[in-house]
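Next come the chains, spelled out residue by residue.
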Amino acid sequence: MNEAQIDLAHTVALGLIDDEDHHAIQTIIDTDDPALCTEFLREVRDTRGTLALLAELTAAPPPPSLRTRLLAALAAEEPPVAS
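Residues numbered from 1 in each chain as written. Predicted model: local features only at pLDDT ≥ 70, side-chain atom pairs only at ≥ 80, totals over all residues. Heavy atoms only, no water.

Visitor: Sorry if this is basic, but what is going on with the side chain of T47 here?
Guide: Tracing the backbone shows T47 in helix α3 (residues 34-58). Judged by its relative accessible area of 13%, T47 falls in the buried class. Excluding residues within four positions of it along the chain, T47 makes contact with H10 and A13. (Helix = DSSP H or I, 4+ residues; strand = E, 2+ residues; numbered from the N terminus. Buried < 20%, exposed > 50% of the residue type's maximum accessible area, 1.4 Å probe, protein only. Contact = heavy atoms within 4.5 Å.)

Visitor: Got a minute to help me understand helix α2 (residues 19-29) in this structure?
Guide: Think of an α-helix as 3.6 residues a turn; residues three or four steps apart then line up on the same face. For α2, the set of buried residues is D21, I25 and I28. Looking straight down α2, one finds its buried side chains confined to an arc of 60°; they lie on one side. α2 presents D19, E20 and H23 as exposed residues on the side facing more than 90 degrees away from its buried surface. Where α2 is buried, its residues contact α1 (3-14) and α3. Where α2 begins, the capping side chain belongs to D18, and its oxygen is found 3.2 Å from the backbone nitrogen of E20. (Arc of directions from axis to C-beta. Polar contact = N/O pair within 3.5 Å; in protein donor to acceptor, adjacent residues only side chain to side chain.)

Visitor: Help me out: how do you make sense of the pattern of salt bridges in this one?
Guide: For side chains bearing opposite charge, pairing can occur when the charged atoms are close. Per the stated rule, a full pass over the model turns up 1 salt bridge. Put simply, R45 and D46 hold a salt bridge, and the shortest N to O gap is 3.7 Å. Residue R45 is classed as exposed on the basis of its relative accessible area, which comes to 54%. What makes D46 partly exposed here is its relative accessible area of 38%. (Salt bridge = Lys/Arg side-chain N within 4 Å of Asp/Glu carboxyl O.)

Without other data, these values stay purely geometric and don't point to any function.
What follows is the structure, given as structure tokens:
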């Protein structure tokens, strides 16, 4: 895999694909080179795993005031108008 394909795999793992990326991904998946497709999908999977581990290792509980602030923000919103 080249550097652009690796970057694309990371983009997929992050869920940040756009129309141009979608076309490039489809080209890799539809390739006649099964090793390239396998390597690309492995890179996506490994990146997602690393991101999940990072999220787990750096998780922090929300501040105690968050629930109160969220409920206050919801209460301040006007209810939807029935049509």
